[in-house]
Number of protein chains: 2
Amino acid sequence: MGIFAAMEKMPLFHGLDREQIQELFRHSGAQRRTYTRGEMVLRAGERTSRLGLLLSGSVHVIREDFWGGRTIVGVVEAGDVFAESFALAGEPLEVSVFSPGEAEVLFLDAEAAGVYSGRFTVNLLALMAGKNLALTRKMGHMARKTTREKLLSYLSAQAIRAGDASFDIPLDRQQLADFLAVDRSAMSAALGKLRDEGILEFRKNHFHLLRRHPEEMGEEELGC
Amino acid sequence: MGIFAAMEKMPLFHGLDREQIQELFRHSGAQRRTYTRGEMVLRAGERTSRLGLLLSGSVHVIREDFWGGRTIVGVVEAGDVFAESFALAGEPLEVSVFSPGEAEVLFLDAEAAGVYSGRFTVNLLALMAGKNLALTRKMGHMARKTTREKLLSYLSAQAIRAGDASFDIPLDRQQLADFLAVDRSAMSAALGKLRDEGILEFRKNHFHLLRRHPEEMGEEELGC
DNA sequence: AAAAATCAGTTGTTTTTCCAACGAAAGAGG
DNA sequence: CCTCTTTCGTTGGAAAAACAACTGATTTTT
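Residues numbered from 1 in each chain as written. Chains lettered and ligands numbered in written order. Predicted model: local features only at pLDDT ≥ 70, side-chain atom pairs only at ≥ 80, totals over all residues. Heavy atoms only, no water.

Even after reading the chapter, I still don't get the relation of the copies chain A and chain B, so can you show me in this structure?
Taken together, a rotation about one axis and a shift along it account for how the two chain copies relate. The transformation that overlays chain A on chain B combines an axial shift of 0.0 Å with a rotation of 180 degrees, and the residual RMSD is 0.1 Å. Here the copies are linked by what is in effect a two-fold axis. A symmetric contact is evident, with 100% of the interface residues of chain A recurring at the interface of chain B. (Least-squares fit on C-alpha atoms with pLDDT ≥ 70 in both. Contact = heavy atoms within 4.5 Å.)

What exactly am I supposed to notice about the sheet that holds strand E9 (residues 200-203) of chain A here?
Across a sheet, paired strands are connected by hydrogen bonds in the backbone, their directions being either parallel or antiparallel. All names here are of chain A. In space, the three strands of this open sheet follow the order E8-E10-E9, with antiparallel pairing throughout. The two strands at the open ends of the sheet, each matched to only one other strand, are strand E8 (166-168) and E9. Here the strands of the sheet are splayed against their neighbours by 20 degrees on average, with no regard to which way each runs. Here four bridges tie E9 to strand E10 (residues 206-209), and the two strands are oriented antiparallel to one another. Within the sheet, the bridge partner assigned to Leu-200 lies in E10 and is Leu-209. (Pairing = 2+ DSSP bridges. Helix = DSSP H or I, 4+ residues; strand = E, 2+ residues; numbered from the N terminus. Axes fitted to C-alpha atoms, helices over the stretch in contact; angles between N-to-C directions.)

Where do I start with the protein's contact with DNA strand C in this structure?
Close contacts around DNA strand C come from 15 residues, with Thr-147 and Asp-183 of chain A together with Arg-173, Arg-184 and Ser-188 of chain B the closest. In DNA strand C, atoms within 4 Å of the protein come 59% from sugar and phosphate. Between DNA strand C and Asp-183 of chain A, the relevant distance is 2.9 Å, taken from a phosphate oxygen to a main-chain nitrogen or oxygen of the residue. Residue Ser-188 of chain B places a side-chain N or O atom 3.1 Å away from a phosphate oxygen belonging to DNA strand C. The dominant element in the surface near DNA strand C, judged by the number of residues it contributes, is helix H8 (residues 184-196) of chain B, at three residues. For the surface near DNA strand C, a count of residues per class yields three nonpolar, six polar and six charged. (Near = heavy atom within 4 Å. Polar contact = N/O pair within 3.5 Å; in protein donor to acceptor, adjacent residues only side chain to side chain. Nonpolar A, V, L, I, M, F, W, Y, C, P; charged D, E, K, R; others polar.)

So what exactly am I meant to see when it comes to the protein's contact with DNA strand D here?
For DNA strand D, the set of nearby residues contains 15 residues, the closest of which are Arg-173, Ser-188 and Phe-202 of chain A together with Thr-147 and Asp-183 of chain B. Here, DNA strand D places atoms within 4 Å of the protein, and 63% of those atoms are sugar or phosphate. In the environment of DNA strand D, a phosphate oxygen lies 2.5 Å from a nitrogen or oxygen atom belonging to the backbone of Thr-147 of chain B. Measuring from a base nitrogen of DNA strand D, one finds a side-chain N or O atom of Ser-185 of chain B at 3.4 Å. At the level of secondary structure, the elements contributing two or more residues to the surface near DNA strand D comprise helix H7 (173-180) and helix H8 (184-196) of chain A together with helix H6 (147-162) and H8 of chain B. Considering every element that reaches the surface near DNA strand D, the biggest residue donor is H8 of chain A, with three residues. When its residues are assigned to classes, the surface near DNA strand D shows three nonpolar, six polar and six charged.

Have a look at this one:
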């Protein structure tokens, strides 16, 4: 039973020892299942009150549109939680979860687990809060209309986070383009232009924002 | 003390009676404060372990970029909760909260409150899960590159939600354009084109998706 | 009922992005 | 040292979006 050792390190079980985790499982209808290549873990439209915890392997979260087209909206790695928002909001699943290979999933009822461990609930809250923040941040960047503005929004946020006009970013160009949902080459051009205009310096993943040009960003007036 | 009547109806306090709410406040360091026109409720960079519950009035959530430009990222109405993600994730605030008029805010420590009422925590989880879902859905639409694809993504999701190819949407054109972060007139043109191509029918806020043209959407292959 | 305001569609122009292809630079491995 | 590969910047043409301005229709106000 090596899985408990791994679990103690998962954010979801922070502060809980092996004993408490086992106790939790016993009382919260925890269920373990393995999946093989091509199996569906959860289907869109179903309702579930249990969240999924991926113990090993990886699964894909996919969304199907009105005409049957499929898109991968996320890849879940070992240790990650999935379907928790649907379970907790009590909404039917809007995505399906698909196992492209071998995978091992633990399902557990959040509410029941919470009753047995306040700590678990707090961990879950923190986890969801983190996801929420990431989504909100990304949204702030993506909501801008031009590639240039998306870049400035992203880089500005990174600078503020770093507390320094000089900072590194954890994404290469292609990943950044994907993250902002823009074309890589267009983004590259926009970066070059920003550099030419003296707003920005960069080399590889290191960026430096310059303090000039305060009139650059879209400063929406706050109607007092 | 008419505020308790209103609170009993807030999602955050569902299932709790007046007694329990008062009990909760007594033990969770609840603090009430009023703000006047122009006051800052919370400042970016601060840390807080308490979430804000707006009792009356409205406040603006604003984000400041590297150069000092400000953008309104959200308007909080009475009954809404704010700053909860930062409080629960333990991250410093990335936004400021500003009171454009009279407002009354109740601050409360989620963790402490949770200890006194498991129900409160479950409500909070449901609330955050709902926000999360809304964000994820919106992201799915905004991540598409063209206005046409954003529209199809949004409308497809609405049709699936309604369980019917015929459905109403709760937004007018300008609101929809803002929601998808596109230009209204360009969106209008895209809608017209979709209608001409027989993919879509609509009148006012009523839409009808047609089953043909399965090759329309961006069907990304799932590399099984 | 008339006037005003709001909303949605259209058009024309400018700007920006997308796409595909190319080439230079940097890195990995033999 | 050389080749193979990946990454990144650049370019040019086609497509799309942004923007501004206008019209007609509908709704609200007076």
